[in-house]
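Notes for the structure review
For reference, the chains in residue letters:
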Amino acid sequence: MHLNLTKKLNFANGKGLLDIDVQIEEGTFVAISGTSGSGKTTLLRLIAGLEKGAGFIKIKENIWLDTANGLHLPPQQRKVGYVFQNYALFPNMTIQQNLTFALEKNQSTAIITELVETMELGELVNRYPQQLSGGQQQRVALARALVRKPPILLLDEPLSALDEGLRNHLQDYILKIHQKYQLTTLLVSHDTREINKMADKVFVLEAGKIIKSGTPQAVFAKNRIAKEYQLSGTVIEIKDKGNRYAISVKIGGNIIEVEKGKQEQNALKVGDVILLSTTVLNATLKK
Amino acid sequence: MDAAFWQTLGLTFQLAAITTMVLLLIGIPLAYFLANTQSRIKPVLEAFISMPLVLPPTVLGFYLLLLLSPESIFGAWLLETFNLRLVFSFAGLVLGSIIYSLPFMVHPIQSGFENLPPSFSEAAYTLGKSKTETLFKVLLPNIKPALLTGIVLSFAHTVGEFGVVLMIGGNIPNETKVASIAIYDEVEGLNYAVANQYALILFLFSFVILLLVYLMNRHGLRVNKF
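Keep in mind that this is a model prediction, so the values were computed, not measured. (Residues numbered from 1 in each chain as written. Chains lettered and ligands numbered in written order. Predicted model: local features only at pLDDT ≥ 70, side-chain atom pairs only at ≥ 80, totals over all residues. Heavy atoms only, no water.)

**What about the pattern of salt bridges?**
Residues and elements named next belong to chain A. Within this structure, the stated rule accounts for 17 salt bridges over all chains. Here Lys-7 ties to Glu-51 by a salt bridge, and the two come within 3.9 Å at their closest N and O atoms. One end of the pair, Lys-7, is in strand β1 (residues 2-11); the other, Glu-51, is in the loop between α1 (40-48) and β4 (54-59), with 44 residues separating them in the sequence. Note that Glu-51 and Arg-45 form a salt bridge whose closest N and O atoms lie 2.6 Å from each other. (Salt bridge = Lys/Arg side-chain N within 4 Å of Asp/Glu carboxyl O. Helix = DSSP H or I, 4+ residues; strand = E, 2+ residues; numbered from the N terminus.)

Okay, structure coming up:
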């Protein structure tokens, strides 16, 4: 997949240009990270054809955009699976109807049966979107996006509104469909842990440009030589101990307490996702 | 209550029903266009549509009279080409009512469209659906309360019009004599009892209609939480 896109944008600090030129191997799971307003969503919208920009898009053998030759396919002809931040399920239709709406003319309904099974939606099909929880709506939105069997799945921060436990659960669903349907997936995410878990490759966007790219490990770890290692976790408690703070961090199934001086504590609060780095000097390894 | 009384009321509701149907057909595309356009003519168009809200109905009626009368170029052309005479006729009343009640149909539908999340239509497009299919299967079904408000308000407003009708329709029984005109006519003739019959019916009708609109909107708000 070849993306070469430019578009004028309004950034927080004035006007600028989104300018991206990348090759992505088919079947790759790509995370797009970056500060808000850096152009992440715009990039997805340009690929889907929901916004107009200049450049060139080629997915497998199909050219979707080639402004030099006056080609600009509308979103209807691009075949992307797009999951919106607010899911965009249609309130006037049941889950079943939302899914069948997405069918192409003469397409068999077998795909819907299959998706309902894969996404475990069996009990929900006769309900309306308003009657579903956020996580359930998310699964429906994913299923609906895949009905046309698109080669590419675009996810615009789909998990940002969900709580921690549900996020993990849905990440597994997304990985499952990514592999099952051999998709090229682009996920907009702020969550380092999410990116580490899911992505093969990450692009860090800033003011419309890719400033870093590579594997999540390479991009997020400052130092790849393992004198230091990093674990991401969640702050669950901050205790005031007079001149120091005891900060409890949950990492996987463990809770680790880290002591910090008053100055160092600065902006941490309960619920923050943090990177805990430590050196390997005292590490013990057991079999 | 004699036959003439029921005839007048029948004519009034017939006018309102036809006007509302035509307005629905015009109002949906117009509101859809206004809700989706960034064009420079949007404010101009919006101002024109809203004019009947502030303009004295007699002004609107007066210009329609000038435009449609067989002495004018347009009126003469209509008469010659289609054998259509729009002043002092039922067809003329329909035309006047459409213009007069246009904002009552367009405004609710336009704001209904504007309050839908843009991701609804975008999602439908990424699912391969055309704009028309998206309009009929996704957008319109999700603005039902707005459509009902538009229909009910246009109908009621047409029943209640007076100035435009008087100017271009006059007071011809079974052709242009609607209830609001009849009230004026009966009062002029000092028939207060008959005037009161019309007035009471219109009074109750207006109250019930408005009550319906508010009940519908309350229900609509409960259902359509996005």
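**Remarks on the confidence of the model for chain B**
All names here are of chain B. Per-residue confidence for chain B averages 90 on the pLDDT scale, and 96% of its residues sit at or above 70. Taken as a whole, residues 222-226 scores under 50 in pLDDT and shows nine contacts with residues more than four places along the chain or in a different chain. Confidence metrics for the complex model read pTM 0.80 and ipTM 0.81. (pLDDT = per-residue confidence, 0-100. Contact = heavy atoms within 4.5 Å.)

**Digging into the packing of aromatic side chains**
All names here are of chain B. For the coordinates displayed, the defined rule picks out 13 aromatic pairs over all chains. Measuring from ring centre to ring centre gives 5.4 Å for Phe-62 and Tyr-63, while their planes differ by 55°; the resulting arrangement is tilted. Using a relative accessible area of 37% as the deciding quantity, one classes Phe-62 as partly exposed. Assessed through its relative accessible area of 54%, Tyr-63 is described here as exposed. Aromatic side chains Phe-162 and Tyr-184 sit 5.5 Å apart centroid to centroid with 65° between the ring planes, which places their arrangement in the edge-to-face category. Of the two residues, Phe-162 sits in the loop between α8 (144-159) and α9 (163-168) while Tyr-184 sits in helix α10 (residues 179-188), which places them 22 residues apart along the sequence. Take Phe-162: its relative accessible area is 29%, and that puts it in the partly exposed class. (Phe/Tyr/Trp six-rings, centres within 6.5 Å; stacked < 30°, edge-to-face > 60°. Buried < 20%, exposed > 50% of the residue type's maximum accessible area, 1.4 Å probe, protein only.)

**Some thoughts on the side chain of Ser33(A)**
Residue and element names in this part refer to chain A. With respect to the helices, strands and loops of the structure, Ser-33 is situated in strand β3 (residues 29-34). Judged by relative accessible area, Ser-33 falls into the buried class, the value being 9%. In contact with Ser-33, other than residues within four places in its own chain, are Lys-40, Ser-189, Ile-195, Val-202, Phe-203, Val-204, Leu-205 and Phe-220.

**Section: the side chain of Thr158(B)**
All names here are of chain B. Tracing the chain through its elements places Thr-158 in helix α8. Overall, the relative accessible area of 2% leaves Thr-158 in the buried class. Among the polar contacts made by the side chain of Thr-158, one reaches the side chain of Ser-101 at a distance of 3.0 Å. What Thr-158 contacts, discounting residues up to four positions off in sequence, is Leu-15, Ala-16, Thr-19, Ser-97 and Ser-101. (Polar contact = N/O pair within 3.5 Å; in protein donor to acceptor, adjacent residues only side chain to side chain.)

**Considering the confidence of the model for chain A**
On average, residues of chain A score 88 in pLDDT, and 95% of them reach the 70 mark or higher. Within chain A, helix α8 (residues 262-265) of chain A has the poorest average pLDDT of any element, 65, and helix α2 (residues 95-101) of chain A the best, 97.

**Details of the sheet that holds strand β2 (residues 14-23) of chain A**
Residue and element names in this part refer to chain A. In spatial order, the strands read β2-β1-β4-β5-β6; together these five strands make up an open sheet with antiparallel pairing. Each having just a single partner strand, β2 and β6 (71-72) make up the two edges of the open sheet. Where strand β5 (residues 62-66) and β6 come together, two bridges link them in antiparallel fashion. Within β6, the position partnered with Asp-66 by the bridge is Leu-71. Sheet strands touched by α1: β1, β2, β4 and β5. Its angle to β1, the strand with the most contacts, is close to 130°. (Pairing = 2+ DSSP bridges. Axes fitted to C-alpha atoms, helices over the stretch in contact; angles between N-to-C directions.)

**Things to note about the pairing of strand β14 (residues 254-261) of chain A**
Side-chain positions along a regular strand alternate between the two faces of the sheet. Across eight bridges, strand β13 (residues 244-251) of chain A lies against β14(A) in antiparallel orientation. Of the residues in β14(A), the one forming a bridge with Ser248(A) is Glu257(A).

**Digging into the sheet that holds strand β10 (residues 201-206) of chain A**
All names here are of chain A. In space, the six strands of this open sheet follow the order β7-β8-β9-β3-β10-β11, with mixed pairing throughout. Across the chains shown, the open sheet's two edge strands, defined by having one partner strand only, are β7 (80-83) and β11 (209-214). Each strand axis lies, on average, 20° off the axis of its neighbour in the sheet, ignoring direction. Relative to strand β9 (residues 184-188), β3 runs parallel, the two sharing four bridges. Across the sheet, the residue bridging to Phe-29 is Thr-185, located in β9. Strands in contact with helix α4 (residues 134-146) are β7 and β8 (152-156); relative to β7, the strand with the most contacts, it is inclined by about 165°.

**Focus: unusual backbone geometry**
One non-glycine residue, Lys60(A), adopts positive backbone phi at about 50°. Within the element layout of this structure, Lys60(A) appears in the loop between β4 and β5. Positioned with a positive phi, Phe88(B) is a non-glycine residue whose angle comes to about 55°. Turning to its location among the elements, Phe88(B) is positioned in the loop between α4 (73-82) and α5 (90-115).

**Let's talk about helix α3 (residues 110-118) of chain A**
Residues three or four positions apart in an α-helix share a direction because the helix packs 3.6 residues into each turn. All names here are of chain A. Listed as buried for α3 are Ile-111, Ile-112, Leu-115, Val-116 and Thr-118. Down the axis, α3 shows its buried residues gathered within 165° of arc, on one side only. Opposite the packed face of α3, turned more than 90 degrees from it, sit the exposed residues Thr-113 and Glu-117. Those residues of α3 that are buried lie in contact with α2, α4 and α5 (164-180). Positive phi shows up at Glu-120, right after α3, with a value of about 50°. (Arc of directions from axis to C-beta.)

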